[in-house]
Amino acid sequence: MTPEETPQPLPATTGPSRHAQRILARVRAFDTRHPWVWDAAVTLTWTVAALVDAAGGWRTTARDPSVPVWLVVTLCLALSVPLYWRRRHPTAVLAVMACATLVGDASGAFLQAAYLQMLPVFHIALSRPPRALLWALALILPPLVTGAVRFPSGAVDQRVVPALWAYALAALLGIAVRSRRDERAHEVRLAATAERARIAREMHDIIGHNLAVITGLADGGRYAAAKNPERATQALEAIGTTSRQALAELRRLLSVLHDESDEGHEGGRSDEPAARTPQPALTDLERLITGVRKAGLPVRAELSPPGPAPLSAGAQLTVYRVLQEALTNTLKHAGPGATASVRLSYGPGALEMVVTDTGTRSAAPGRGHGITGMRERAARYDGTLETGPLPTGGWRVALRIPLEDPPP
């Protein structure tokens, strides 16, 4: 695949930032495969912190320092151990922690570990419908109200408001992370849709053209078989060559569907020469026209040599595919006795190609995606495509693509 035809990712960063993103991606992949490792690490860390606080630090915020230590230890474990299940069952975990907080606030312990409820609140906002946050609020409020009623002195300023702000920030952070995740998923879906459309367009061009050529060769060989067996043999050889070329192009095209990770495997693609073959370019136009001539369509070609500012590989492929589609439409729709003419030249800062034929049509060719695909290809490189009948009969396709660096 050429760089121009390969789906372009989002703008990549460089240097340390890119290295950090790579490490972060590996950490996420490891967490996806082994979620219990991170869950256990988080749970163990906060359990140790809660137990350390239960050793005496909790009295600095307690309204009643005489609360039994065994109760404080039990409540600390109830506020930290459930964190192991916070990602899978955040609402249930918050319910357990809210019960422990209710007991702590009612007793006057006012444990700092109660702020660990921010973690399940974050995961509720991250993975549950928005209305689930209302249930989270319903679980968080009773302990705060109970503590404020039992110990009203400074409760609102020192306990209720800071706690509500903390939980609100946790919820907002979860919503922000979820929005960013959904945005990236949407970008991936759009990229996948664009890639499917590109592959469908390529397959339409490859299969449609080669089948039209094979059909023309087969019809010519059938007529020649009775009078000139040698010509029939040549037609069969041309059919075989065209078929092999079509298969090689399809192999190259479909190879992009393989996972990129397969490229790093030992011997992953070393036996697939078709995947390494370059895409058709301007130098392949003569071969394309020769194949159409063998199929029975007389083609007169005037191809100017490349100018001082050649097109990129992707733009050259666009020119090739437009000519391929135009000649294929002539083969299929122009009728018997038609001829075609191809003129490719370099104008001021642009490549211009005009394809005409002398056929007669009852309707415009390419009622499917052919002409639409040609226009999309041209637009991708800021080019234009004009199609339509000629006043004297026949059909005309005119392509114009700007050169990347036009000569002065």
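Residues numbered from 1 in each chain as written. Predicted model: local features only at pLDDT ≥ 70, side-chain atom pairs only at ≥ 80, totals over all residues. Heavy atoms only, no water.

1. Points about the overall build of the chain
Operational definition: A run of H or I in DSSP counts as a helix once it spans at least four residues, and a run of E counts as a strand once it spans at least two, with each numbered from the N terminus. Burial classification: accessible surface area is computed with a 1.4 Å probe over protein chains only, and a residue below 20% of its type maximum counts as buried, one above 50% as exposed, and the rest as partly exposed. Here a residue-residue contact requires only that any non-hydrogen atoms of the pair lie within 4.5 Å. To measure how exposed things are, a 1.4 Å probe is used in the Shrake-Rupley method; for residues, cover is taken only from the protein chains shown.
Counting secondary structure elements, the chain contains 12 helices and 5 strands. For the chain, the proportion of its 408 residues judged to be buried stands at 39%. Sequence separation of at least 24 residues holds for 72% of the intrachain contacts in the chain that already meet a minimum separation of 6. Here the chain has roughly 22600 Å² of accessible surface; of this, 63% comes from carbon and sulfur atoms.

2. A short note on unusual backbone geometry
Residue Phe110 is not a glycine yet carries a positive backbone phi of 45 degrees. Considering the arrangement of structural elements, one finds Phe110 in the loop between α4 (90-107) and α5 (118-127). One non-glycine residue, Asp382, lies in positive phi territory at about 60 degrees. With respect to the helices and strands, the residue Asp382 is situated in the loop between α12 (370-380) and β4 (384-389). Given a relative accessible area of 64%, Asp382 falls into the exposed group.

3. Considerations on the environment of Ala136
Turning to its location among the elements, Ala136 is positioned in helix α6 (residues 132-150). Once the C-alpha coordinates of Ala136 and Leu94 are considered, the two residues, 42 residues apart in sequence, prove to be 7.3 Å apart. Once you skip the residues sitting within four places of it in the chain, Ala136 turns out to touch Leu94 and Ile124.

4. Here we look at the pattern of salt bridges
Test applied: Basic side-chain nitrogens of Lys or Arg form a salt bridge, by our definition, when they fall within 4 Å of a carboxyl oxygen of Asp or Glu.
Summed over the entire model, instances satisfying the criterion amount to 10 salt bridges. Two residues, Arg181 and Asp182, come together in a salt bridge whose shortest N-O distance is 3.8 Å. For Arg181, a relative accessible area of 41% corresponds to the partly exposed category. The salt bridge partner of Asp284 is Arg287, with a shortest N-O separation of 3.8 Å. If you follow the salt bridges from partner to partner, you end up with Asp31, Asp39, Arg86 and Arg87 in one network.

5. Quick notes on the pairing of strand β5 (residues 395-402)
Heads up, the condition is: Strands were regarded as paired on the criterion that DSSP finds at least two bridges between them.
In terms of strand pairing, strand β3 (residues 350-357) meets β5 through 8 bridges, oriented antiparallel. What sits directly across from Ala350, in β5, is Pro402. With 6 bridges connecting them, β4 and β5 associate as antiparallel partners. Along β5, the bridge assignment pairs Pro389 with Trp395. In this structure, the hairpin formed by β4 and β5 is closed by a connection of 5 residues, where Gly393 is found at a positive phi of approximately 100 degrees.

6. Focus on the sheet that holds β4
The line we're drawing: Only C-alpha atoms enter the line fits that serve as axes; for helices the fit covers just the stretch in contact. Angles between N-to-C directions range over 0 to 180 degrees.
Within the open sheet, the 5 strands sit side by side as β1-β2-β3-β5-β4. Their pairing is mixed. One side of each edge strand has no neighbouring strand; the edge strands of this open sheet are β1 (299-303) and β4. Ignoring which end each strand starts from, the neighbouring axes of this sheet average 10 degrees apart. Helix-sheet contacts for helix α10 (residues 285-294) involve β1 and β2 (340-347), and the interaxial angle to β1 is about 170 degrees. Packing against the sheet, α12 makes contact with β4 and β5, and its axis sits at approximately 150 degrees to β4.

7. Points about the nonpolar core
Using the following cut-off: Nonpolar core, defined: a set of buried Ala, Val, Leu, Ile, Met, Phe, Trp, Tyr and Cys residues in which side-chain atoms within 4.5 Å join the residues together.
Grouped together as the largest cluster of nonpolar side chains are 31 residues, with contacts concentrated most on Val319, Leu323, Leu327, Leu351, Met353, Val355 and Leu399. Elements that contribute at least two residues to this core include exactly α10, α11 (313-333), β2, β3, α12 and β5. When residues of this core are assigned to their parent elements, the largest contribution, 7 residues, is made by α11. Residues within four places of Met353 in sequence aside, it is in contact with Val319, Val322, Leu323, Val342, Arg343, Leu344, Val397, Ala398 and Leu399. Counting 18 residues, the second largest nonpolar core, distinct from the first, contains Ala54, Ala62, Val93 and Ala100.

8. Details of the layout of surface pockets
Rules: Cavity and pocket criteria rest on a 1 Å grid covering protein atoms alone: a 1.4 Å probe that fits but cannot get out defines a cavity, protein on both sides within 12 Å along at least 5 of 7 lines defines an open pocket, and an atom within 4 Å of a point defines a lining residue. Grid points are joined across faces, edges and corners, and a volume is the space filled by probe spheres set on the points.
The calculated volume of the second largest pocket comes to roughly 810 Å³. The wall of the second largest pocket is formed by 19 residues, among which Arg28, Asp31, Arg87, Leu126 and Val177 lie closest to the centre. Looking at the lining of the second largest pocket, the element that brings in the most residues is helix α1 (residues 15-33), giving 6 residues.

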